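Observations on chain architecture
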Amino acid sequence: MSVADDVFIPREALERAPTFSDGTNPEFFPTLTDRQVETIAAMAECREYQPGDRLFNQGLRDAPFFFLESGSADIIDQGPDGPRYIAMVRPGTFIGDISMFTGEPTVAACIAAEPMRVMVMDRQRLGQLVARHSDVGDIILRTFMNRREWLRRHGFGAKTLIGPRWDKATFELRDFLERNQIPVEWIDPEADEGSRALARKYGLAEADMPAIFCGEEICKRPAIVELAERVGLRPELRRETPYDLMVIGGGPAGLAASVYAASEGLDTLLIDANSPGGQAGTSSKIENYLGFATGISGTELAKQAVLQARKFGVTLSNPSAAKRIDCDGELKHVTLDDDTQVTAKAVVLATGARYRRLQRCLNCGDFETRGIYYAAGHPEALLCSKERVGIVGAGNSAGQAAVFMAQHAEHVTLIVRGANLKRSMSQYLVDRIERTNNIEVRLKCEVLGVDGSDGPQGHLQSVTLCSGETLRMTGLFVMIGATPNTEWLRDTDCVALDEHGFVCTGEAAAHHLDRQRHWTVDRAPFFLETTRPGIFAVGDVRSGSIKRVASGVGEGSMAVKYVHEVLAAV
């Protein structure tokens, strides 16, 4: 059975899935007040539908927002095994989940079950409604998030990814989707007969994997850019008219700059080379960030920040990396890695830092993503469940990773080069590590080499320490700091860098002005401004930054004040 556009399927004929309820649960189907309905009506247009009419298909991008005045509609999952009934929507509430706000493909279809009269608005107007009318906007966003979380928990809307466990491309696709808040169901074709049968059912040979279901299509060995375009993460960017502000980098500092800029009326573009959240987004739990007494995961912090940015109208694109900045008078021209050129009146550099590798470790490069990782999140925990793993490092990132992996792994060895863990790690993490039975700390210790099985599905199996001891491990997490992501700035006559490659700002930038011919205004650089007027740097990429989530957020928000001053002087 399939859900064709012109076929009406009674809800009694559909396979019954766990449902939200009968459409009256206020967590998922809030009833709006007359005043809130009037607010929607002022921005929407009215339409009517007959039984069997399709309001939207599963996988549709930019689906409109619907408020039901009369009638009812069915929400249907169109999965590989046929349609399943999810829920019924009744008058007085609205249809959709967070995809209608973000522009992602819809995770279900909607069919009129009775004659319907609805109010409809497109995504742009929905964004305006949410930003301008917090009473109804907050209800819509909260409900959208509740619905998406319910759908995720019950397996609806997840992208099905088929690929071997230790395959590098499989890991990278799954990691990319999860870090961009897109649910993914991973199937290892080598795990059991059922998984092998599924691969055979769709005619997938080993050379076709990893493969991912994108709507009704099966994408074989997709590049990450192709996948991002299919799931709506790379919108077409404006090329002619300049943005007010372009933020390069989507860590806490870049996200904060984007949120504050857009909320204050600036036309803002945010690009990121991988997924918003930066290094903080890979943290399993941040416990010393103000306002979260029980801590918050980096994934959740990034998800909330991205949603907040979209709420205020930020245009987000990833993966999109900048490779050059050129200035032409007051405008900044940024060339992206696909040679697209975007123009902005001001730029905030928030590219953060990249993870350091183990320089003296034999064979380490052979096992990256196949046992050696630079983040400890859900994808990595799945691969290392009930295994023995190692964490290299002595900072808070290493401590957080050790505590998190101890919940999933059989045994965790924390490998520390120094003699005292307390010098570089917060006391609460040191205490927690000492209280965790399956964490062992090795001080004055380094990794000299790794070894494992060969071939495409080979993976890490052992780690050799400087003591000469070889430990059995299937996962090694390297948390030894980072270097700034400024290589793309080194070969351009753009902004001054310090001796370590970090971007100079404020007073440090002023020291370079005698050698910098591009300073064209009659004032000293602002605190976060580089040696180019109107280009700012915030967060970990900035020379002298504190390397904390809170300070990055503070710098990002502070930079917007200076952006306003630059734009006002134009």
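A quick note: this is a predicted structure, and the numbers were derived from the prediction, not measured. (Residues numbered from 1 in each chain as written. Predicted model: local features only at pLDDT ≥ 70, side-chain atom pairs only at ≥ 80, totals over all residues. Heavy atoms only, no water.)

Here the focus is the pairing of strand S26 (residues 460–465). The two faces of a sheet get side chains in turn, since along a regular strand they alternate between them. In this sheet, S26 lies alongside strand S25 (residues 447–452) in antiparallel orientation, the contact comprising 5 bridges. Bridge pairing in S26 links valine 450 to valine 463. As paired elements, S26 and strand S27 (residues 470–472) share 3 bridges and run antiparallel to each other. Looking across to S27, one finds that threonine 464 is bridged to threonine 470. (Pairing = 2+ DSSP bridges. Helix = DSSP H or I, 4+ residues; strand = E, 2+ residues; numbered from the N terminus.)

Next up on the list: helix H8 (residues 252–263). Side chains of residues three or four places apart in an α-helix project in the same direction, reflecting 3.6 residues per turn. The first and last C-alpha atoms of H8 sit 16 Å apart over 12 residues, in line with the 16 Å expected at 1.5 Å per residue. Buried residues of H8: Pro252, Ala253, Gly254, Leu255, Ala256, Ala257, Ser258, Val259, Ala261 and Ala262, and no others. Buried residues belonging to H8 abut strand S14 (243–248), strand S15 (268–271), helix H9 (298–311), strand S19 (341–349) and helix H15 (549–569). Following H8 by one or two positions, glycine 265 has its phi on the positive side, about 95°. (Expected span 1.5 Å × (residues − 1). Buried < 20%, exposed > 50% of the residue type's maximum accessible area, 1.4 Å probe, protein only. Contact = heavy atoms within 4.5 Å.)

The next thing to look at is the environment of proline 164. Residue placement: proline 164 occurs in the loop between strand S10 (159–162) and helix H5 (168–179). Placed 270 residues apart in sequence, proline 164 and glutamate 434 show a C-alpha to C-alpha distance of 36 Å. Contact partners of proline 164, with chain neighbours within four places excluded, come to Thr170, Trp186, Asp188, Pro189, Glu190, Met209 and Gln457.

Let us now look at the sheet that holds strand S23 (residues 411–415). Strand order in the open sheet formed by 5 strands is S21-S28-S22-S23-S24, and the pairing between neighbours is parallel. At either margin of the open sheet sits one strand with a lone partner, and together these are strand S21 (372–373) and strand S24 (439–442). Of the strand pairs in this sheet, strand S22 (residues 388–392) and strand S28 (residues 475–478) are connected by 4 bridges, and their pairing is parallel. If you follow valine 389 over to S28, its bridge partner there is glycine 475. Against the sheet, helix H11 (residues 396–406) makes contact with S22, S23, S24 and S28, and its axis sits at roughly 170° relative to S22, the strand it touches most. (Axes fitted to C-alpha atoms, helices over the stretch in contact; angles between N-to-C directions.)

Any aromatic ring pair is given by two values, namely how distant the centres are and how the planes are angled relative to each other. Here the structure, examined in full by the defined rule, presents 12 aromatic pairs. Considering the side-chain rings of phenylalanine 65 and phenylalanine 144, the 6.4 Å spacing of their centres and the 65° angle between planes classify their relative orientation as edge-to-face. You can see phenylalanine 65 sitting in strand S4 (residues 65–70) and its partner phenylalanine 144 sitting in helix H4 (residues 134–153), a full 79 residues away along the chain. Owing to a relative accessible area of 1%, phenylalanine 65 belongs among the buried residues under this scheme. Look at phenylalanine 144 and you get buried, because its relative accessible area is 0%. Between phenylalanine 526 and tyrosine 562, the aromatic rings sit 5.0 Å apart at their centres with planes inclined by 15°, giving stacked as the arrangement. With a gap of 36 residues between them, phenylalanine 526 in the loop between helix H14 (506–510) and strand S30 (535–537) and tyrosine 562 in helix H15 connect regions that are remote in the sequence. Tyrosine 562 shares its class with phenylalanine 526; the two are buried. Three or more aromatic residues joined by ring pairs form one cluster here, namely Tyr49, Phe56 and Phe66. Its end group placed over the ring of tyrosine 243, arginine 238 keeps NZ or CZ at 4.0 Å from the ring centre. Directly above the aromatic system of tyrosine 374 lies the positively charged group of arginine 357, at a separation of 4.3 Å from the ring centroid. (Phe/Tyr/Trp six-rings, centres within 6.5 Å; stacked < 30°, edge-to-face > 60°. Lys NZ or Arg CZ within 6 Å of the ring centre and 35° of its normal.)

Now for the side chain of glutamate 104. Turning to its location among the elements, glutamate 104 is positioned in the loop between helix H2 (99–102) and strand S8 (109–112). A polar atom in the side chain of glutamate 104 sits 2.9 Å from the side chain of threonine 102. The contacts of glutamate 104, once residues within four sequence positions are left out, are Leu60, Arg61, Asp62, Ser99, Arg148 and Val231. (Polar contact = N/O pair within 3.5 Å; in protein donor to acceptor, adjacent residues only side chain to side chain.)

Here methionine 209 and proline 210 are connected by a cis peptide whose omega angle stands at 10°. Counting through the fold element by element, proline 210 comes out in the loop between helix H6 (193–201) and strand S12 (211–214). Put simply, asparagine 318 and proline 319 share a cis peptide bond, and its omega is 0°. Residue aspartate 62 is not a glycine yet carries a positive backbone phi of 55°. The residue aspartate 62 is located in the loop between strand S3 (54–56) and S4 in this model. Of note in this structure, glutamine 181 is not a glycine but carries a positive phi near 65°. Within the secondary structure, glutamine 181 is located in the loop between H5 and strand S11 (184–187). Glutamine 181 gets classed as partly exposed once you look at its relative accessible area, which sits at 27%.

It is worth stressing that arrangement in space is one thing and function is another; only the former is reported here.
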